[in-house]
Amino acid sequence: MIKFVQYGVGKMSKYTMEFAINDGMKLVGAVDINPSVIGTKVNGVRVVSPDKFEGLLKAKKPDIVIVTTKSLLSDLSDVLLTCARNGVNAITTCEEAFYPKVSNPKLTNKIDQVAKQNNCTITGTGYQDAYWGNLVTTICGSTNSITKIKGSSSYNVEDYGIALAEVHGAGMTLSEFDKKIAANDRISDEARKKIINSGNYTPSYMWNVVPWIAEKLGLHLVGQMKQKCIPQTCKHNIKSSTLNMTIKAGNATGMSAVVTGMTKEGIEIEAECIGKVYDKDEFDKNEWTIYGEPDTTLVINKPDTVRLTCATIVNRIPDVIKSEPGFVPTSRMGELKYIHKK
């Protein structure tokens, strides 16, 4: 039986815990920063504060920790390094952790080294593993020649909690969005590289997907990837329950981020993610086109992104446990597989 600890008892954890338990795994611990949650019980396990986390790992000796909190690797450094120091595998929904060495190489290498020293594996996965990754590369596998891979995916930031909504600029005025988000991309390649190496870069989610696709396909990115963030707006006020505010008409409801990369093999990869507070008629959509011989387009309307993310997390757990030690992206773990419920 696989024993796991849930780190972060919020919206996503409801499903990760449910799915893992349904797959025969055992919850042995839960951690959260929220004072109103600490001390309560989830699935019969008492939630403890982060300062009790390392003691929990030593006492319960879990096989893996599921981390469903922040979107940036720097925000998870303490959690992931604690797992690595104690030789405990970790899997996270942190979007940057999907392929973090292109956005925070210094911290990625640090976690990688500690994990290798203690024979455990750290990785990031979620919706992107299947719908921005494996599905795309599988279609590529049915194509004779490729000139460009182009994708776009939209999701409602309301479904993922306040941290994700904030990094998408939801609720900001356009002036605030320009200064805090868009301005970060109006820099030279050399300046961007310097920020990345400093560990202070804030990537969009597709920044970490483009190199994942390239590695999975055996392609080699050349030069510096490009990124452009564009605010999304609405003509009328929209209520955000996650942000606990009404976003005024004309302010940012979120953003579109477009990332492009060119490979040595001559194949361009362009990927766009649109994360925003949805209007009443909007819905999640995932669309990818492989241009070549022949052209092929994949469209998925209204995917249940939250539950697909959480199911992916759980289905990847056996791969993480079997993987080589270190910070290992799922591009090196083989195809995403369904766990049969015995």
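Note that this is a predicted model, so its numbers are computed, not measured.

Enquirer: Give a description of the layout of surface pockets that names residues and reports values.
Expert: Each pocket or cavity is described by its volume, and for the largest pocket that value is around 960 Å³. Elements that contribute at least two residues to the lining of the largest pocket include exactly α2 (53–60), α3 (77–85), α5 (127–140), β8 (145–156), α6 (162–167) and α10 (305–322).

Enquirer: An account of the sheet that holds strand β4 (residues 45–48) is requested, with residue identities and associated values reported.
Expert: Taken together, eight strands build an open sheet; the order of strands is β3-β4-β2-β1-β5-β6-β7-β16 and the sheet is mixed. Each end of this open sheet is capped by a strand with a single partner; those strands are β3 (41–42) and β16 (326–327). Note: strand β1 (residues 3–7) against strand β5 (residues 64–67), four bridges, orientation parallel. What sits directly across from Q6, in β5, is I66. Running over the sheet, α2 touches β1, β2 (26–31), β4 and β5 and is turned about 160° from β2.

Enquirer: Please set out unusual backbone geometry residue by residue, giving values where relevant.
Expert: The residue after E293, namely P294, is reached through a cis peptide bond having omega 0°. Tracing the backbone through its elements, the reader meets P294 in the loop between β14 (285–293) and β15 (296–301). With a phi angle near 55°, N244 is a residue other than glycine that sits in the positive phi range. You can see N244 is positioned in the loop between β10 (238–240) and β11 (245–247).

Enquirer: A description of the environment of G10 should follow, citing residues and the corresponding values.
Expert: Structurally, the position occupied by G10 is in the loop between β1 and α1 (13–22). Along the backbone, G10 and N34 are 24 residues apart, and their C-alpha atoms lie at a distance of 9.4 Å.

Enquirer: Tell me about the packing of α1 against α10, and please be specific about residues and values.
Expert: Where α1 contacts α10, the axes come no closer than 9 Å and their chain directions differ by 45°. Between α1 and α10, the angle falls in the class oblique. Where α1 crosses over α10, the two elements pack in a sense that is right-handed. Of the residues in α10, those in contact with Y15, T16, F19 and A20 of α1 are V306, R307, C310, A311, I313 and V314. Classifying every residue of the contact of α1 with α10 by side-chain character gives eight nonpolar, one polar and one charged.

Enquirer: Can you lay out the pattern of salt bridges for me, pointing to particular residues and giving the numbers?
Expert: Counting across every chain of the model gives 17 salt bridges. Residue E270 pairs with K148 through a salt bridge whose shortest N-O separation is 3.1 Å. Placement of E270 in strand β13 (residues 268–276) and of K148 in strand β8 is noted, with a sequence separation of 122 residues between them. With respect to class, E270 is no different from K148; both count as buried. Within the structure, one salt-bridge network assembled from shared partners comprises D129, R316, D319 and K337.

Procedures and definitions
- Residues numbered from 1 in each chain as written.
- Predicted model: local features only at pLDDT ≥ 70, side-chain atom pairs only at ≥ 80, totals over all residues.
- Heavy atoms only, no water.
- 1 Å grid on protein atoms, 1.4 Å probe; cavity = no way out; pocket = protein on both sides within 12 Å on 5 of 7 lines; lining within 4 Å.
- Points joined across faces, edges and corners; volume = space filled by probe spheres on them.
- Helix = DSSP H or I, 4+ residues; strand = E, 2+ residues; numbered from the N terminus.
- Pairing = 2+ DSSP bridges.
- Contact = heavy atoms within 4.5 Å.
- Axes fitted to C-alpha atoms, helices over the stretch in contact; angles between N-to-C directions.
- Parallel < 35°, antiparallel > 145°, perpendicular 65-115°, else oblique.
- Left-handed = near helix turned anticlockwise from the far one by under 90°.
- Nonpolar A, V, L, I, M, F, W, Y, C, P; charged D, E, K, R; others polar.
- Salt bridge = Lys/Arg side-chain N within 4 Å of Asp/Glu carboxyl O.
- Buried < 20%, exposed > 50% of the residue type's maximum accessible area, 1.4 Å probe, protein only.

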